[in-house]
Amino acid sequence: MGTMLAWWLAIEVMGLAALPICFRLFANLPDKGYLWSKALGLLLISYLFWLVGWGHLLPNARSTVLVLLLLLGLVSILLLRRTHHQLKAFVAQNWRLILVGEMVFLLSFVLWAVIRAYNPEIDGTEKPMDFAFLNGVLRSRYFPPVDPWLSGSFISYYYFGHIMVAVITKITAVSPSVAYNLALALFFALTAQGAFGLVYNLVMAHQKALSWKRATVFGLAGVLMLTLVANFEGVLELLHAHSFGSAGFWQAVSIKGLAQPYHSLEWYPTDHWWWWRSTRIIDTLANGRSLDYTITEFPFFSFLLGDLHPHLMALPFVLMALALSLNFLKSPEPLGWRWVKRHPLHILLVVLVLGGLGFLNSWDFPTYGLIFVAIIAVQRYLAHNHGVLPAIKAAGAMGGATILGGLILYLPFYLHLQTQASGILPLRGVSTRPIHYLLFWGLFLFISFSFILAKGVRALRERPISLKEGLKITLPLFFPLALWGMVELSLSLSPALAQEVAIAQPSLSDVLISLVRQLWHLLPMLAILGLGLLAFVRNLSAKADRTVIFVLILTWVGLFLTMILELFYIKDLFGNRMNTVFKVYYQSWVLLAIASAFGLYFLSYRWQPVSKVGRAFKGGWLLAFSLILVASILYAPAAILSKTNAFGGKATLDGLAFLKSSNPSEYEAIQWLSKNTKGTPVIVEATGPEYSQYGRISARTGLPTILGWAGHELQWRGSSHPFQGREEDVARIYQSPNQEEVRAILQKYQVSYVYVGSLERAKYGEQALANFQDILKVAYTNPGVTIFQVKGD
């Protein structure tokens, strides 16, 4: 309880320190940025902490964080001298909003901390990787941080989120194994508050006379949509767990693992890790074998799984980027270079936030950066009467400079970043089955399509579409498909090109047949996107409410991204579209969740049919929505009960508590290493396959080892060259009878400690290092573990 309170106080102080900055930065939004102050405060302090550490100006220490927090507070005090009257009036008028916003944050934080307390283990899936990153950041004296799984190297991945966790860990002096779980609760709470804030601002901005209560209700709906709903696979799991459905039914569903129904003794499924299948929906099975294996995570699953991954930690900040875009769209001043000159602080903070997305989760930077550019273009068009092309040109210049600035501010990160991505390839041979697409996107498709239909039909009623307008809307929609066809045609005509990109050369007939199939496959989505684009163009031409335009953009981009994945994917080491679907679907979920929460408000209160038929239709719509919503919510309580073992067992936030009971010798050895080693001395431990216990000591202490999970290092660096021969060197250290050879290898990697536990003895033999007293001395020993220190180190 004390650690939870410490973290809550720390983030509250950061939020208060950043509040005057938010008040000016988000001046065009109804909440004036209050609901983003915690996220912005954390980002600003973490950025400065990383920057001074990278420049070796100040060390990675608690005192540095406190100095930076004090500096941020002083800047805010200076700003308060100009805005304290306005801020005081805002608090007096919006105290209810502040209270609800704080309750959303606190209750979300406590809720997820409790859930984590009943399944806190930092073990399994990729938790060891994330724990290794966190400990590596905490141990490094300066930045970039050391890579605990590749001694002598820096982390080559998006680690800004781990910097943020380290900042609060330093302030609160909480142990890393507790901080890991508190971080999950913190990011869940920041995401919930961000979703509430964004939808609240959208609803309030749509009609200034709207009631505060209504905006609050739909703000809470935004929290539900983004953080708690799931796809429809949870309903299938409940049916599967209660012996429903014939063999033919489950074969038609075609989800791997859902074949033989069983009878659960509980109301929720009890099949081992049943909740995992909800993120492996999109696939094409042939005799039980995956032909199109993809990952389709969504935020609730990510938090439940408990991997402290970049895409999870980036959630509050992509919401803040969207809030900034909305703030710019609502600006009464025309945006351009003159605006930038008058508001240098604003643009600097925007660059910092948008650029931070690349450091948090590099996949997010292009998507939300382009949304920002699109918003600038729309604002320019609405603020001037100079036409579309001048608005696009001005937005391209300003937006491009902003994105370039984001790259420059985080340039040190990119200098050390390696990647496995090597291009973009056309997708062929597989596609998303309609049933799987509907299972995953059902709730958001229902609301988004209804919203687009409402706006599109109204636009057509006001003025029928002309041939010229139809062509302007239709032709751009077919550009991605045409581009796909041109790429495939180029590959069919050029064997050298196909060989260069390492892809099979298609025949001309194959290309033509595939093009027709793709068109048929994408036709429904093209129709929805076309109607959405018509609604957008008509609202833009009429200079209609900017909030509706903003939501149409979010909806359109979210759906468009899912269509693009049927045509192209990022070429990487996996050799398929698995990772591309994973990262891009996650972005679409965020966009469609926010847009759906607003769409629900719009359809509930702005859709007021007059006729009996219209009212009956709306009643049917509300009934259908209620059933779909229930189907989307059922997964969450069932998965929580399953993952926490129905809240059985002893609650703790210590992610290594399980090790204390399952392997006390190793637990004690890790505690000794954590307390008795300073800096980043290299330790040798057994190396082996990923998703296993190998690399456990380096992950749990932050001490770099010669080689951890080789497969992950390959993903992060795109090549095995940096760790070529390391696995063999580790084996020689433990198994070579030649003392001089072992000495040379230890010196090569500047090793300080050699760890011998049950895993090392099982892999390398019981007598590992037994006769090397001349070069090693026992630094620590217990019944199950011996830690040697290299003599002369």
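The notes below deal with the structure included here. Note that the coordinates shown come from a computational prediction; the quantities given were computed from them, not determined experimentally.

Thresholds applied
- Residues numbered from 1 in each chain as written.
- Predicted model: local features only at pLDDT ≥ 70, side-chain atom pairs only at ≥ 80, totals over all residues.
- Heavy atoms only, no water.
- Helix = DSSP H or I, 4+ residues; strand = E, 2+ residues; numbered from the N terminus.
- Rg over C-alpha atoms; globule rule 2.2 N^0.38 Å.
- Buried < 20%, exposed > 50% of the residue type's maximum accessible area, 1.4 Å probe, protein only.
- Salt bridge = Lys/Arg side-chain N within 4 Å of Asp/Glu carboxyl O.
- Pairing = 2+ DSSP bridges.
- Axes fitted to C-alpha atoms, helices over the stretch in contact; angles between N-to-C directions.
- Phe/Tyr/Trp six-rings, centres within 6.5 Å; stacked < 30°, edge-to-face > 60°.
- Lys NZ or Arg CZ within 6 Å of the ring centre and 35° of its normal.
- Expected span 1.5 Å × (residues − 1).
- Patch = residues over 30% accessible without salt bridge, like charges linked within 9 Å, V, L, I, M, F, W, Y side chains within 5 Å.
- Areas by Shrake-Rupley, 256 points an atom, 1.4 Å probe, with all protein chains shown as cover.
- Core = buried A, V, L, I, M, F, W, Y, C linked by side-chain atoms within 4.5 Å.
- Contact = heavy atoms within 4.5 Å.
- Left-handed = near helix turned anticlockwise from the far one by under 90°.
- Nonpolar A, V, L, I, M, F, W, Y, C, P; charged D, E, K, R; others polar.
- Polar contact = N/O pair within 3.5 Å; in protein donor to acceptor, adjacent residues only side chain to side chain.

**Focus on the overall build of the protein chain**
- Helix and strand counts for the protein chain come out as 33 helices and eight strands.
- Relative to the 2.2 N^0.38 estimate, which gives 28 Å for 793 residues, the radius of gyration of the protein chain is 28 Å and therefore close to what a compact globule would have.
- Once the C-alpha set of the protein chain is aligned to its principal axes, its extents read approximately 90 × 70 × 60 Å.
- The buried share of the protein chain, reckoned over its 793 residues, is 59%.

**Observations concerning the pattern of salt bridges**
- Applying the stated criterion across every chain yields a total of 23 salt bridges.
- A salt bridge links Glu462 to Arg458; its shortest N-O distance comes to 3.4 Å. Of this pair, Glu462 and Arg458 both sit in helix 19 (residues 434-462), four residues apart, which is roughly one turn of the helix.
- Take Glu462: its relative accessible area is 59%, and that puts it in the exposed class.
- Between Arg696 and Glu760 there is a salt bridge, with its nearest N and O atoms 2.8 Å apart. Of this pair, Arg696 sits in helix 29 (residues 696-701) while Glu760 is found in helix 33 (residues 758-764), placing the two residues 64 residues apart along the sequence.
- Arg696 gets classed as buried once you look at its relative accessible area, which sits at 5%.
- Through salt bridges with shared partners, a single ionic network connects Asp123, Glu666, Glu685, Arg696, Arg700 and Glu760.

**Considering the sheet that holds strand 6 (residues 751-756)**
- Ordered in space as 5-6-8-7, the four strands form an open sheet in which the pairing is mixed. Each end of this open sheet is capped by a strand with a single partner; those strands are strand 5 (682-684) and strand 7 (776-781). With direction set aside, neighbouring strand axes in the sheet form an average angle of 30°.
- Sheet topology note: the strand 5/strand 6 ladder contains three bridges and is parallel.

**Here's the deal with the packing of aromatic side chains**
- Scanning the entire structure with this criterion turns up 63 aromatic pairs.
- On the numbers, 4.9 Å between centres and 85° between planes, the contact of Tyr159 with Phe359 is edge-to-face. Here the residue Tyr159 occupies a position in the loop between helix 5 (127-139) and helix 6 (160-172), and Phe359 occupies one in helix 15 (residues 344-360), the gap between them amounting to 200 residues. In this structure, Tyr159 and Phe359 share a single accessibility class: buried.
- When the ring centre of Tyr605 is taken as reference, the NZ or CZ atom of Arg214 above it lies at 3.9 Å.
- Cation over ring: Lys763 sits above Tyr694, and NZ or CZ is 4.9 Å from the ring centre.

**Quick look at helix 16 (residues 364-383)**
- Compared with an ideal rise of 1.5 Å per residue, which puts 20 residues at 28 Å, helix 16 spans 28 Å between its outermost C-alpha atoms and is within 8% of the ideal.
- Within helix 16, 16 of the 20 residues are buried, leaving the element largely enclosed by the surrounding structure.

**Here's the deal with the pairing of strand 7**
- Pairing of strand 7 with strand 8 (residues 786-790), which is carried by five bridges, proceeds in the antiparallel orientation. Note on strand 8: the bridge partner recorded for Val778 is Phe788.
- Counted along the chain from strand 7 to the antiparallel partner strand 8, the turn is four residues long.

**Overview of a nonpolar patch on the surface**
- Side chains of Trp95, Leu99, Met103 and Leu107 sit close together on the surface and give an oily, nonpolar patch of about 430 Å² of accessible area.
- By the element assignment, Trp95 lies in helix 4 (residues 95-117).

**As for the pairing of strand 6**
- Of all six residues in strand 6, six are buried, a share of seventy percent or more.
- As paired strands, strand 6 and strand 8 are joined by four bridges and run antiparallel to one another. Residue pairing for strand 8: Tyr753 is matched across the bridge by Gln789.

**Description of the nonpolar core**
- Core analysis: the biggest nonpolar cluster contains 246 residues, and Trp7, Phe187 and Phe317 have the highest contact counts within it.
- If one sorts the elements of this core by residue count, helix 7 (residues 176-206) sits on top with 21 residues.
- Residues Val682, Ala686, Ile706 and Val742 belong to the second largest nonpolar core, which totals 22 residues.

**Digging into the environment of Phe90**
- Checked against the element boundaries, Phe90 lands in helix 3 (residues 62-93).
- Separated by 56 residues in the primary sequence, Phe90 and Tyr34 place their C-alpha atoms 9.9 Å from one another.
- The contact partners of Phe90, leaving out residues within four places of it in the chain, are Phe23, Pro30, Asp31, Lys32, Tyr34 and Ile98.

**Details of the packing of helix 8 (residues 212-228) against helix 24 (residues 578-606)**
- Put simply, helix 8 and helix 24 touch, their axes get as near as 9 Å, and they point 145° apart. Two packed elements cross with a definite hand, and for helix 8 against helix 24 that hand is right-handed. In this structure, helix 8 uses Arg214, Phe218, Ala221, Gly222, Met225 and Leu226 to contact helix 24, whose residues at the interface are Trp589, Val590, Ala593, Ala597, Leu600, Tyr601, Ser604 and Tyr605.
- In the contact of helix 8 with helix 24, the residues fall into eleven nonpolar, two polar and one charged.

**Some words on helix 23 (residues 546-564)**
- The end-to-end C-alpha distance of helix 23, which contains 19 residues, comes to 27 Å, matching closely the 27 Å that a straight helix rising 1.5 Å per residue would cover.
- For helix 23, the tally of buried residues reaches 15 of 19 residues, placing the bulk of the element in the interior.
- Regarding helix 23, its N-cap is Asp545, as a side-chain oxygen of that residue lies 2.8 Å from the backbone nitrogen of Thr547 further along.

**Comments concerning the environment of Arg433**
- When you line up the elements, Arg433 lands in the loop between strand 3 (424-426) and helix 19.
- For Arg433, a relative accessible area of 30% corresponds to the partly exposed category.
- Those residues in contact with Arg433 that sit more than four places away from it in its chain are Ala252, Val253, Ser254 and Asp283.

**Focus: unusual backbone geometry**
- With omega at 5°, the peptide bond leading from Phe143 into Pro144 counts as cis.
- Tracing the backbone through its elements, the reader meets Pro144 in the loop between helix 5 and helix 6.
- Even without glycine at this site, Ala173 takes up a positive phi of about 55°.
- Its location among the elements puts Ala173 in the loop between helix 6 and helix 7.
- In this structure, Ser254 is a non-glycine residue whose phi angle is positive, near 55°.

**Describing the environment of Leu107**
- In this fold, Leu107 is placed in helix 4.
- For Leu107, a relative accessible area of 53% translates into the label exposed.
- Between the C-alpha atoms of Leu107 and Tyr749, which are 642 residues apart in sequence, the distance is 48 Å.

These figures come from the coordinates and say nothing about function on their own.
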